[in-house]
Amino acid sequence: MTSIRGNKVVVGVFSFMDDAMNAVKAAKAQGLDYRVYSPVPNHDLEALTYPEKSPVRFFTATGAVAGLTFGFALAILCSLDYPLRVSAKDIISVPGFVVIGYECTILFGAIATLLAMFHFCKVPDIFRKIGYDPRFSQDKFGVVVGCGAAQTDEVSEKLKQCGADEVEVRNGL
Amino acid sequence: MGHHGTQEHKEEAPVTYAEVDSTVAKMMEPPTLGWYILLATCLLCVGVGAASWTRQILVGIGESGKSHPISWGAYITNFVFWVGIAHSGTLISAVLYLFRAKFRNSIYRLAEAMTVFAVLTAGLFPLIHLGRPWFFYWLMPYPNQMALWPNFRSPLLWDVFAVSTYLTVSATFFIVGLIPDVAIMRDRAKTTFRKVLYTVTALGWSGSHTQWKHYTSAYLLFAAFATPLVVSVHSVVSWDFAVSIVPGWHATIFPPYFVAGAIFSGVAMVMTLAIPIRAVYKLERLITLQHFDAMSKLIMLTSGVVSYAYITEFYTAWYSNNPFERAQFWFRPFGDYWIAFWIMAFCNCMAPLALWYKPLRTNIAFLFVLSIFINIGMWFERFNIIVQSLSHDFIPAVWGYYNFSWVDVGITIGAFGWFGMWMTLFIKFFPAVAIMEIKEILPPPMRNEHAHGH
């Protein structure tokens, strides 16, 4: 889990998603770093917090191409290394090798996607969750704003104005 | 659903996120006596299977019913059956995800668990089928002393790649889908054991906006990979047969025929599992009659495709004027194994026709019985393809009859126990209904309802 800018974090617990979104807009307007925790993914929230496309897809494509190359190379090189003609088929029987290439494309592509997802989601990491509250996986939304010690009161007030049920100041990382 | 009257009111979807959490969490409360009895029964079956396999290893492969000319018998029938069962899990989780079919959300976790455990079961059979299972690694292309590589033109090797890819990708898809739900359980856990179990398996998931972004992106890509896998795996399994010249196997129709059959049997197995779980854990508000109606329609469709494939096989055998094909397809309904053929025809083609009568598509008791009929019918379909074709090929002098041995029966029972054991453990320790995905289709809590963009 990457850190949030600022030596303090203000954690706002929200019951409503639109309130949490207003809090994010306020943090953005002040140029403060923030993180949003939500029980489910949501398009509106995503458009506000992370409108860019995820880079995971580039890793997927790289894995898939590597798998395709590996599958064909494995079948062709093994066949050339031990050339045994079976039922008058070519030593390099491309139609048969398509199956190996196809399966390896999927296998490598999926593994690359998994590793990329782990990398960008910063998991596994069971300890460091800045400003996390167990209710954020159930039915509450969390907006965690990073700031300096001098700004905590101002930020807390802003989160309350946006509709936070609770506000808490914690040490940042 | 309108015609269900009062039942409709009883089965409305849960309104709040918290209600979904608590309903699913109740399933994972400390086990009851009934759960222990179920687990013990499964373990007993596994014991029977293990004892049978041990006997086969100690005495020899002759302990199974396999004998010339039928070298593929109960084990390969079981293998194809379980790979087939595995298919609808990926269909429901990946294909329906890409089509945004929301009815999948309540049942997909169960279907995916079924997929992974069914592939684990299927994967045992090629090993059991080997006379010397400790040499199974000879299937893998690895550098060895004899500079010998496996034959990449053989469908049996394609099968190794297809099934192992399927197991890896479906298990990955399943585990990735579980992560946010396990995090919910971690945050609700009361005992130390569960706290530790879920803290470790949730991998530190927090549901931050960056995590959701990459997670949803990756999940879509997994679905995009899993979809062509559904089509490819059973196509490859069908080529184990279709690429040969054996009458009854040598048919170009096999890949779509097998894929449709796999989805047919898989959806039936989802019903067989979902109906008792729904009743025991009172999940009527999460798995509604609408879900059963949708699954029934999938069964109607795939039953139609499978029935069409059966008829096509007979037609092509007749139209080809090939005496061997004609003899094989006469042998199937009227030969030594006529009972197996007619069980298949009744269970797979005739019984599902009842679903054209709409009230039966939401009649839970009827669907449970029908799903078991389909499971039986699909097991016999594989038996008919494999054993009947081998026992009656080109030369009458080598025709034979397959006698089931006790070892065959014991290992078949063991497979059901093995599958049941994993399912039983899974529903008690992990969320068998996808919490996050059900929450996702609920409207998010908004102070100002008009602000919600959807």
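Refer to the preceding data block for the structure.
The paragraphs below set out a description of the structure included in this document. (Residues numbered from 1 in each chain as written. Chains lettered and ligands numbered in written order. Predicted model: local features only at pLDDT ≥ 70, side-chain atom pairs only at ≥ 80, totals over all residues.)

**What to know about the packing of helix H9 (residues 254-280) of chain B against helix H13 (residues 364-391) of chain B**
Residues and elements named next belong to chain B.
(1) Moving on: Between H9 and H13, whose axes approach to 8 Å, the crossing angle comes to 140°. With respect to each other, H9 and H13 are oriented oblique. In this structure, H9 crosses over H13, and the sense of that crossing is left-handed. In contact with Gly261, Phe264, Ser265, Ala268, Met269, Met271, Thr272 and Ile275 of H9, H13 contributes Ile364, Leu367, Phe368, Ser371, Ile372, Ile374, Asn375, Met378 and Glu381. (Axes fitted to C-alpha atoms, helices over the stretch in contact; angles between N-to-C directions. Helix = DSSP H or I, 4+ residues; strand = E, 2+ residues; numbered from the N terminus. Parallel < 35°, antiparallel > 145°, perpendicular 65-115°, else oblique. Left-handed = near helix turned anticlockwise from the far one by under 90°. Contact = placed C-beta atoms within 7 Å.)

**Side note on the sheet that holds strand E1 (residues 8-14) of chain A**
Residues and elements named next belong to chain A.
(1) Moving on: Taken in spatial order, the four strands make up an open sheet running E2-E3-E1-E4, and their pairing is antiparallel. Looking at which strands have only one partner, the edges of the open sheet turn out to be strand E2 (33-37) and strand E4 (166-171). Averaged over all pairs of adjacent strands, the angle between strand axes in this sheet comes to 20°, irrespective of strand direction.
(2) Moving on: With five bridges connecting them, E2 and strand E3 (residues 141-147) associate as antiparallel partners. The partner of Arg35 across the bridge, within E3, is Val144.
(3) Moving on: In this fold helix H1 (residues 17-29) packs onto E1, E2 and E3, with an angle of close to 15° to the strand it touches most, E3. (Pairing = 2+ DSSP bridges.)

**Describing the nonpolar core**
Residue and element names in this part refer to chain B.
(1) Moving on: Met114 and Val270 are the most contacted members of the largest nonpolar core, which totals 150 residues.
(2) Moving on: Counting residues per element, this core draws most heavily on helix H6 (residues 155-188), at 16 residues.
(3) Moving on: Excluding its chain neighbours within four sequence positions, the residues that come into contact with Met114 are Ile85, Gly89, Met269, Val270 and Leu273. (Core = buried A, V, L, I, M, F, W, Y, C linked by C-beta atoms within 7 Å. Buried ≥ 20, exposed ≤ 12 C-beta atoms within 10 Å, placed from the backbone.)

**Quick look at H13 of chain B**
For an α-helix, 3.6 residues make a turn, and residues three or four places apart therefore share a direction.
All names here are of chain B.
(1) Moving on: When the terminal C-alpha atoms of H13 are compared, their 40 Å separation across 28 residues agrees well with the 40 Å that a helix rising 1.5 Å per residue should span.
(2) Moving on: At Asn384, H13 shows its strongest bend, of approximately 30°.
(3) Moving on: Of all 28 residues that make up H13, 20 are buried, and the element is covered over most of its length. (Expected span 1.5 Å × (residues − 1). Bend = angle between axes of the 7 residues up to and from the residue.)

**Some details on the interface of chain A and chain B**
(1) Moving on: Between chain A and chain B, the contact holds 60 residues from the first and 57 residues from the second.
(2) Moving on: Secondary-structure elements contributing two or more residues to the side of chain A that touches chain B are H1, E2, helix H2 (43-49), helix H3 (56-81) and helix H4 (94-121) of chain A.
(3) Moving on: By residue number, the principal contributor to the side of chain A that touches chain B is H4 of chain A, which donates 16 residues.
(4) Moving on: Class assignment for the residues of the side of chain A that touches chain B results in 34 nonpolar, 14 polar and 12 charged. (Nonpolar A, V, L, I, M, F, W, Y, C, P; charged D, E, K, R; others polar.)

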